[in-house]
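# Architecture and fold: a report
Okay, here's what each chain looks like letter by letter:
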Amino acid sequence: MITKEHDTLLKALAGKRVMIVGDVMLDHYTFGQVSRISPEAPVPVVEVIREEYVLGGAGNVARNIDALEGKATLLGVIGNDRDGETLIALLNEHDVDIRLVHDDRRRTTRKTRIIAQNQQIVRIDRENAEPLSNTVVAALLEYIQTHGQHYDIVIVSDYGKGVVTRPIMDALRALTGPEGRKPRILVDPKPQNYDLYHNVDILTPNAKEASEGAGLPCVWPHGPAAVGAALFKRLNCRDLLITLGPQGMALFEGAEHASHIPTFARKVFDVTGAGDTVIATLALALAAGATLLDAAMLANHAAGIVVAQVGAATPTPEGLRQAVQDRPAPPITVLPAAR
Ligand SMILES: Nc1ncnc2c1ncn2[C@@H]1O[C@H](COP(=O)(O)OP(=O)(O)OP(=O)(O)O)[C@@H](O)[C@H]1O
Ligand SMILES: [Mg+2]
């Protein structure tokens, strides 16, 4: 059933602004078929049928915000190369405010997956993940310090390629808007960077990332509570949303109040990018004034929609409306305690 509150919230997503800071990537898919082994080495020969480029990383988060009719500003770094141009062209197909800094000394991050007979054969990564130059960091900081206070919500989409560093996180935490309001900072973490995320508002790790940050296994049903407690202790974050794949989500509203939201997915075909959909929907719903619980539920619905589709799917307000309408009110329960 769709309630008046749901309806109001879904309508309120339109036009809400979110700033995304993070690692943009180009996802490149090469589809082909294999009918023989190479005479040169014991490897399959892939005859290419089709190629596709899609937005990855922070770019995919921006694409999700656009699909939900929000307005994303995307801050990140690309190289001065063809892949960078392709990335910009893809972003231009969406209504995204592009604030990408060009770095002559880096290449645009590209991940190529070669897929034949519905199976990935190999992935080829092209990237530089070394620290950014001072000039590039200064350009990122300049945008954050000049415009950051105009956003209610900031997403940090950290894929560990170098954009998310201490000066950037400090600048985000220092932002203060009108009447002393501080933008809420949501982080999709990279385990190697946990020490950068102190005092942020919400972290949205998946089970593996949460487990690595806590140094504890995140096995259902008792693992997430223990992992959550350890992450609050380590980071002093305000809230925490651990996505648990087929188990849905564990939502911690502060360290003391944890709930379990089961997945709303009915069919599961392709889970790639579900995490990007979760943080995008969560952020936009919060920007539209939702409570954290309502925002997490909506994000769970959105994830349920995208995992049911093959390829780079995104949720729309209409799709969300249908999903909320079609499903019975989900049983939100207390998260099972740690043992
Ligand atoms: N196998 C599944 N069955 C049902 N729902 C799923 C499944 N996998 C993912 N989901 C939904 O998607 C949400 C996010 O998934 P997950 O925990 O896999 O994030 P993630 O690992 O960060 O994803 P990715 O990094 O691939 O974008 C879950 O909270 C759940 O709602
Ligand atoms: Mg993820």
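Below is a short write-up of the structure.

Criteria and cut-off values
- Within each chain, residues carry numbers counting from 1 in the order of the written sequence.
- The naming scheme follows written order: chains are lettered A onward, ligands numbered 1 onward.
- Local features are withheld for residues below a pLDDT of 70 in this predicted model, meaning they are given only at 70 or higher, and side-chain atom pairs are given and counted only at 80 or more; totals for whole chains, interfaces and linings count all residues.
- Side-chain metrics in this entry use all non-hydrogen atoms of the structure; hydrogen atoms and water are not considered.
- In these notes, a set of buried Ala, Val, Leu, Ile, Met, Phe, Trp, Tyr and Cys residues joined through side-chain atoms within 4.5 Å is what counts as a nonpolar core.
- When a residue's accessible area, from a 1.4 Å probe over protein chains only, is under 20% of the maximum for its type it is buried; when over 50% it is exposed; and in between it is partly exposed.
- Contact definition: two residues touch when any of their heavy atoms are within 4.5 Å.
- Residue proximity to a molecule or strand is established when one non-hydrogen atom of the residue lies within 4 Å of it.
- For this analysis, a polar contact is any N or O atom pair within 3.5 Å, provided that within protein one partner can donate a hydrogen and the other can accept it, and provided that sequence-adjacent residues contribute only side-chain to side-chain pairs.
- For every accessible area listed, the method is Shrake-Rupley and the probe measures 1.4 Å; residues are considered covered only by the protein chains on display.
- Under the scheme used here, helices are H or I runs from DSSP no shorter than 4 residues and strands are E runs no shorter than 2 residues, and both carry numbers assigned from the N terminus.
- Amino acid classes used here: Ala, Val, Leu, Ile, Met, Phe, Trp, Tyr, Cys and Pro are nonpolar; Asp, Glu, Lys and Arg are charged; the rest, including Gly, are polar.
- Salt bridge, as used here: a side-chain nitrogen of Lys or Arg that lies within 4 Å of a carboxyl oxygen of Asp or Glu.
- For two strands to pair, DSSP has to find at least two bridges joining them.
- For helices, the axis comes from a line fit to the C-alpha atoms of the stretch in contact; other axes are also lines fit to C-alpha atoms, and the angle between any two N-to-C directions lies between 0 and 180 degrees.

### A short note on the nonpolar core
Of all hydrophobic cores here, the largest spans 55 residues; its most connected members are I20, L74 and L282. Setting aside residues no more than four positions away along its own chain, I20 makes contact with A58, V61, A62, I65, A72, T73, L74, L75, I155 and S157. Counting 45 residues, the second-largest nonpolar core is a separate cluster that includes L75, V101, V137 and V200.

### Re the site of ligand 1
In the vicinity of ligand 1 there are 20 residues, among which N206, T243, T263, G275 and N300 approach most closely. At a separation of 2.8 Å, an oxygen atom of ligand 1 approaches a polar backbone atom of G275. Here an oxygen atom of ligand 1 and a side-chain polar atom of N300 are 2.6 Å apart. Computed on the free molecule, ligand 1 has an accessible area of 630 Å², of which 82% lies beneath the protein chains in the complex. Take the shell around ligand 1: its biggest share by element is four residues, from helix α8 (residues 274–287). For the shell around ligand 1, the residue count by class is ten nonpolar, nine polar and one charged.

### Re the pattern of salt bridges
Under the defined criterion, the tally for this structure stands at 17 salt bridges. One salt bridge connects D95 with K71, and the closest N-O pair in it is separated by 2.8 Å. Taken together, the residues D95 in the loop between α3 (82–92) and β5 (96–103) and K71 in strand β4 (residues 71–79) connect sequence positions 24 residues apart. Of the residues examined, D95 reaches a relative accessible area of 44% and is grouped as partly exposed. Residue class for K71 comes out partly exposed when judged on its relative accessible area of 27%. The closest approach of N and O atoms between K161 and E127, which form a salt bridge, is 3.2 Å.

### Details of the sheet that holds strand β1 (residues 17–22)
Reading across from one edge, β5-β4-β1-β8-β9-β10-β11-β12-β13-β14 is the order of the ten strands in this open sheet, with mixed pairing throughout. A strand with exactly one partner marks an edge of an open sheet, and here the two such strands are β5 and β14 (333–334). Contacting β4 and β5, α3 runs over the sheet at an angle of about 170° to β5. Each of β1, β8 (153–157) and β9 (184–188) touches helix α5 (residues 166–174); the most contacted strand, β9, lies at about 150° to it.

### Quick look at the pairing of strand β13 (residues 258–261)
Here β13 shows a buried face lined by A258 and H260 and a second buried face lined by S259 and I261. Relative to β13, strand β12 (residues 249–252) is paired through four bridges, and the arrangement is antiparallel. Bridging from a neighbouring strand, M249 pairs with I261 of β13. In sequence, β12 turns back onto β13 through a hairpin of five residues, with G254 there showing a positive phi of about 80°. Two strands pair when backbone bridges link them, and β13 and β14 are joined in this way by two bridges, in the antiparallel orientation. Across the sheet, residue H260 finds its bridge partner in β14, namely T333.

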